[in-house]
Amino acid sequence: MVEIALTQTPAHVRHGSSIGQPLTRRDGVLKVTGAAKYAADHHPPGMLYAVLAVSSIARGRVAFLDVAAAKAHRGVVEVITPANRPVLAQDPDEKTNPFMFRLDLLQSDRVRYANQPIAIVIAQTLEAATEGAVLLSPRYDAEPARVGLDANESFVPAVVGPGFPTEARRGDVEAGLAASTKNIAEAYGTAAQYHNPMEPHAIVAAWDGDTLSIDTPSQGLAMAQGRLAGVFGISPDHIHIRSPFLGGGFGCKGFISGPQVLGAIAARAVGKPVKLVLRREQMYGPVGHRASTRQTLRLGVDGDGKLIALDHHTKTVSSTFDDFFEPASNISHTPYASTAIATSHEAVRADIGTPLFMRAPGEATGSIALESAIDEMAQACGMDPLAFRLKNYAEVEPISGKPFSSKALRECYRQGAERFGWERRPLAPRQMRDRDGLLVGWGVGTATFPALMFAAQAKATLRRDGSGVIEIGAHDMGQGAWTALAQIAADALGLDIDQLEFRSGTSDLPDAGIAGGSAHTATAGMAIHNAGADVVARLADIATNEERSPLFGAGNAGVIARGGRLFRRDDPSRGESYAEIIGRAGRAQIEGHGTSAADQATHSDYAMFAHGAVFAEVKVDPDLGQMRATRVVGAFAAGRIINPRMVRSQLCGGMIWGVSFALHEQAVMDPRSGRPMNANLAEYHVPVNADVPSLEAIVVEESDPYVNGLGIKGVGEIGITGTAGAVANAVWHATGIRVRKFPITLDQLIEPQ
Ligand code: MOS
């Protein structure tokens, strides 16, 4: 056990009256009644419709576009191609920081991937714009498409993911493997996935001189504002983005995409508001995806079944013109205490749109391979896979050697296993059948995700009528941010939640960073918490220095704020309401400000992660190979839970994606054309309710005083990790067949291996 000392004073949580409550979504009624207006629901007066023409080849150049035919179509107002594209202030291929991805903004006739925008048609109706785009009848000088993991010569990227080192090692893996009593070496493949939020990328853009006003979904308002400012050469404060509701994001709305910028370009070109909405198939290219991988894992154990070597190598693929490399091997840094660990990556370039962050980027992809390999190692040792994990899970983060909170992981294994009924699991595969003769299998996987935090700002106001306002440009992708952050805000201000006005979702509000990395609640929440503390301190200053106040002389630290009232810590009967204090001071309102950022000193002393354990049951038809995940139980420890209802919903959403990763989701590329062949929601399979009949998320209590003042860890992404591997391991347990190519498809179960 590691003894860890407190280096950061936990923030004083004022009340805990809203935090921890299972409130329903505050925007739920708006959403289910259709009153919530999404970007594409906006129709400013005089608005025109823009439709993109996209490339049907993956590599080459556009040799001809029949602009005349498109323009001659009734209702078509303008056609924008590389030949007449407006001059931009910044080259879309410029990249001045790693979070700036190259965009296709019609800068040339070059085609770099299928579904790349090659022209915009703007018309009075959607139908006319659509027909105009068809009439462009592009002709291409096509070159052979290079797709897949063997498309090109491989190389070692400089960094992977958001700037992580490509390689890491601790100890000597080769020596460990040589000394091992048992070892395995296996290769696993994962398919490309596309984000596919229900709401496609959409924008309604309107210019007024040099001021741009847009409705568009964004997981990162300030970054989107900055990117647009650069492209158009205007000041960020001349750009107003409204993004109150997102129909999902999963990472593809983290950075503003090329098609969204093209909507703003179109509006500027015609001098009228323009709406541009991507069609589903147009989302398979220019807005990011999760890259495919081929991963090799080599594991070795000593005579006690303890891991002494773990080597994880990933080959992945990026575009020909930008850099994003799926950091799949890095998952092996964390859950298992192998004496020696080595992780590495290589990549190839292919004629595809640039891959990007997609929910648990790297962790999801790497986890299914690692959890499969751990299972195979347990099998080689003749051990129960849970017992093997309990023997080998890390008590100190293995790669960094830093203490972390894995005591909670042990509790996740225990609670999850008990709820699932794991102890009744036969060791050997192919032992269980249900009443219909279907093979039944049980699998387990370890879940892990870093507890990240970015920087944010918030503003808090207390008004003369005793009510309060929190302003922060935060993002609700559907995860429940409006609800959870408002709960933090209410407690920070010492108000009941219905005395609070929570303003969010627009770019004119203080920068809340990005809703990504499962870090939004911690990041925005701590800024809100600090803004609340600031305004309450100001209020207390006024009261404790005012002779007429019952709080006179109490001193700031001697005062508590709750229920819209300040009172003395040593005598709660002595106090007064916010309204009384502000009114007597003759003020209309009092303002406070707060910021948040990860504490660097604490981060260098501790490794910060959320943990979990997932147990899955699958049933497989022994003759047809059809399979279904019938029962999934996940137990997760993620620090302080702001809203257990939202948190369970997030965890379940992640677990469904884990099922999807193992059994459903894959983009199929045509190697001849380089086009995704299932660029739609009929053939690109994601699970529906019938695919996951029983799903349970257990929230394991955990108090982690190191991650941030509120003790919040993220829950958005961890659910995918662990689950994907648990489902895959359950398929093995049902059938005795170890499939190493994901998703597991029925042909892999019925054909001879
Ligand atoms: Mo995410 S991939 O952190 O939106």
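About the thresholds
- Residues numbered from 1 in each chain as written.
- Predicted model: local features only at pLDDT ≥ 70, side-chain atom pairs only at ≥ 80, totals over all residues.
- Heavy atoms only, no water.
- Helix = DSSP H or I, 4+ residues; strand = E, 2+ residues; numbered from the N terminus.
- Rg over C-alpha atoms; globule rule 2.2 N^0.38 Å.
- Areas by Shrake-Rupley, 256 points an atom, 1.4 Å probe, with all protein chains shown as cover.
- Lys, Arg positive; Asp, Glu negative; His and termini not counted.
- Charge placed at Lys NZ, Arg CZ, Asp CG, Glu CD.
- Core = buried A, V, L, I, M, F, W, Y, C linked by side-chain atoms within 4.5 Å.
- Buried < 20%, exposed > 50% of the residue type's maximum accessible area, 1.4 Å probe, protein only.
- Contact = heavy atoms within 4.5 Å.
- Expected span 1.5 Å × (residues − 1).
- Pairing = 2+ DSSP bridges.

Counting its secondary structure elements, the protein chain contains 16 helices and 30 strands. Against the 2.2 N^0.38 benchmark of 27 Å for 753 residues, the protein chain shows a C-alpha radius of gyration of 27 Å, consistent with a compact globule. With the model as given, the accessible surface of the protein chain reaches about 27,900 Å², and the carbon-plus-sulfur share is 51%. Considering the protein chain, the positive charge centre built from 71 side chains and the negative charge centre built from 80 side chains are found 2 Å apart.

This part is about the nonpolar core. Ranked by size, the top nonpolar core spans 84 residues in total, and within it Leu299, Leu663 and Ile744 carry the most contacts. No other element matches helix H14 (residues 644-663), which puts nine residues into this core. In this view, Leu299 contacts Leu177, Lys182, Asn183, Ile184, Leu307, Ala309, Leu310, Ala373, Ile374 and Met377; residues no more than four positions away in its chain are not counted. Counting 49 residues, the second largest nonpolar core, distinct from the first, contains Ile19, Ile472, Leu495 and Ile642.

By the element assignment, Gln21 lies in the segment before helix H1 (28-32). The partly exposed category is assigned to Gln21, whose relative accessible area is 35%. Not counting chain neighbours up to four residues away, the residues in contact with Gln21 comprise Gln487, Ile642, Asn643 and Pro644.

Quick look at helix H10 (residues 481-493) now. Helix length check: H10, at 13 residues, gives a terminal C-alpha distance of 18 Å against a target of 18 Å (1.5 Å per residue), a fit within 8%. Burial runs high along H10: 13 of the 13 residues are buried.

Our focus in this paragraph is helix H15 (residues 720-735). Helix length check: H15, at 16 residues, gives a terminal C-alpha distance of 23 Å against a target of 22 Å (1.5 Å per residue), a fit within 8%. Counting buried residues along H15, 16 of its 16 residues qualify, which places the element largely inside the surrounding structure. Just downstream of H15, Gly736 is the residue with a positive phi angle, here 80 degrees.

This part takes up the pairing of strand S2 (residues 60-64). With two bridges joining them, S2 and strand S4 (residues 110-111) adopt antiparallel strand pairing. Its bridge partner being in S4, Gly60 is matched across the sheet by Val111. Here S2 pairs with strand S6 (residues 139-142) via four bridges, running antiparallel. When the bridges of S6 are listed, Val62 appears paired with Tyr140.

So, on to the sheet that holds S6. Reading across the sheet, the three strands line up as S4-S2-S6 and stay open at both edges, with antiparallel pairing between neighbours. The strands lining the two open edges of the sheet, one partner per strand, are S4 and S6.

In this section: the sheet that holds strand S15 (residues 293-301). Overall, mixed pairing links the six strands, which are arranged S9-S17-S16-S15-S10-S30 in an open sheet. Of all the strands in the sheet, just strand S9 (168-170) and strand S30 (741-742) have a single pairing partner and so form its edges. Bridge count between S9 and strand S17 (residues 340-350): three bridges; the pairing is antiparallel. Directly across from Arg169, in S17, lies its bridge partner Ala342.

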